[in-house]
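# Structure at a glance
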Amino acid sequence: MAVPVAFFALFFAYPVTAIVGRGFRTDDGWRFGRIGEVLGRPDILDVLWFTTWQALASTALTLLIALPGAYVFARFAFPGKQVLRAVVTVPFVLPTVVVGTAFLAVLGRGGLLDELWGVRLDTTVWAILLAHVFFNYAVVVRTVGGLWSQLDPRQEEAARVLGAGRFAAFRRVTLPALVPAAAAAALMVFLFTFTSFGVVQILGGPAYSTLEVEVYRQTAQLLDLPTAAVLTLVQFTAVGAILAVHAVTVRRRERALKLVDPAQTSRRPRGAGQWALLGGVLLTALLLILLPLGVLVERSLDGPGGYGFGYYRALQSAGSGATSTFLVPPLEAVGNSLRYALVATLIALVVGGLAAAALTRRAGRLVRGFDALLMLPLGVSAVTVGFGFLITLDKPPFDLRTSWILVPLAQALVGVPFVVRTMLPVLRAVDERLREAAAVLGASPLRAWREVDLPLVRRAVLVAAGFAFAVSLGEFGATVFIARPDTPTLPVAVARLLGRSGELNYGQAMALSTILMLVCAVSLLLLERIRTDRSGEF
């Protein structure tokens, strides 16, 4: 536990505590009365209301649209099912900047709707809600659909034999079993949308602001640390409550259900109704997921002189016209992002692997608190973490403000929870008697881990590495503060291009977003080939 605890203490607790402390500390001492002052402001109350309202609306809309897809993936067998499963999962690993850019290409000025019907939805709440559904569709399909595929259909069939109608059998037998999974999925969707940053910043315009966006505005633009500190505490408290409720629902689900092999529950659709349902899910995937991504690619190729790679070639130059804000060609952001993500993945695997091993071999309140510590980066504003890096890691021996390692460290903080959640169930499934037998035969603990644990968890390590790499590649909230102008990452470069006017800037942003999307999609497809889909969860 020592290495993970030291890592989180130095690169998470210290920066966050320092920036929050600066917000409450004055020359006359500590002023915690600022909490009431800030929360009493009408503009802050509007931000809190919109953050909560849009998260609730996004969660409800996602459940409404994704639950039919969860049923189709759970109960139907059809050609291309695995490919479609990978396609609907692509949005979850895409950076929020790419999601915002893709929907901007469909809903924004000069977008598909604007060209066809003269309708623009950017800078409206509908653009934000649709982008959130796009981003979180796979959360519901994987979480609820994975459990649904393991429920024994004979229980519902028995209810039908005893006289219950189709709806009554579903309501009394299947629905109660699915409620914990649906609640867990809903809480995760609410968490992701409650802390939304890139999507709201790109699609919402100045009229809409979530807590995360407001923290960024108060910190980076207004330099109002007291207000940013209060908002950070509010967000941290809210997300902590969400994670606590989520943990309870997951534990209840794990204890209550007896599951079967998913292969026993999947069959080809029967009847017009089931074929219509399958068609509706395919149409939803086409319009909601493939259309924005396809339009994004099309806009990246649609140059002033016709279709071609003009915008991609323009990414290779710097210092003139559209790219004058870049000290290097924007295309170098691809190499920067890949290098940063690889280093961040290595750090996340080391820290997360050690943490998962510690959680496997020990129990008690101390370890449960340690487990909660690992999830904290998901509940604290990434903007706060990034700005905290700048104001704390500025003195020897940790003067890292000009070091390239700062970006991978920030990205690894987000990757560690994914590594732990992926490796922990597999490590817990390893029979302890195998380790004991190795010890009896003279193996040291290190050799026992190498000879017993590692072969059994190798695939889980690869899956964890894939998720950590994709998450690191798309991290934006903290990186936007600490990425140097001469070494921007892909999300930062896209945001810079979208922040400037001009057709060339817009086209280059589309081209960079397409490159980032392709890199993430390839990572996911490789992950799909090596993962074991028994639980249906991420």
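The preceding data block contains the structure.
First, a word on scope: everything that follows refers to the structure included in this document. (Residues numbered from 1 in each chain as written. Predicted model: local features only at pLDDT ≥ 70, side-chain atom pairs only at ≥ 80, totals over all residues. Heavy atoms only, no water.)

Scanning the protein from N- to C-terminus turns up 23 helices and 4 strands. Summarising the internal contacts of the protein: among those between residues at least 6 apart in sequence, 78% fall at separations of at least 24. If you sum the accessible surface of the protein, you get close to 24,200 Å²; carbon and sulfur atoms cover 64% of it. (Helix = DSSP H or I, 4+ residues; strand = E, 2+ residues; numbered from the N terminus. Contact = heavy atoms within 4.5 Å. Areas by Shrake-Rupley, 256 points an atom, 1.4 Å probe, with all protein chains shown as cover.)

So, about the nonpolar core. Grouped together as the largest cluster of nonpolar side chains are 157 residues, with contacts concentrated most on F7, L94, F389 and L512. A total of 16 residues in this core trace back to one element, the largest contributor, which is helix 7 (residues 125-148). Look past the residues within four positions of F7 in its chain and what remains in contact with it is F12, I347, V351, L409, A412 and L413. (Core = buried A, V, L, I, M, F, W, Y, C linked by side-chain atoms within 4.5 Å. Buried < 20%, exposed > 50% of the residue type's maximum accessible area, 1.4 Å probe, protein only.)

Now for the packing of helix 8 (residues 153-161) against helix 9 (residues 166-194). Relative orientation of the contacting elements helix 8 and helix 9 amounts to 130°, with a least axis distance of 9 Å. Classified by the angle between their axes, helix 8 and helix 9 sit oblique to one another. Between helix 8 and helix 9 lies a crossing of right-handed hand. Residues Q155, E156, A159 and R160 of helix 8 form the contact with helix 9, whose own contacting residues are R166, A169, F170, V173 and T174. (Axes fitted to C-alpha atoms, helices over the stretch in contact; angles between N-to-C directions. Parallel < 35°, antiparallel > 145°, perpendicular 65-115°, else oblique. Left-handed = near helix turned anticlockwise from the far one by under 90°.)

Note that V492 resides in helix 22 (residues 490-498). For V492, a relative accessible area of 3% gives the class buried. It is 6.7 Å that separates the C-alpha atoms of V492 and F476, two residues lying 16 residues apart in sequence. Excluding residues within four positions of it along the chain, V492 makes contact with F476, T479, V480 and A483.

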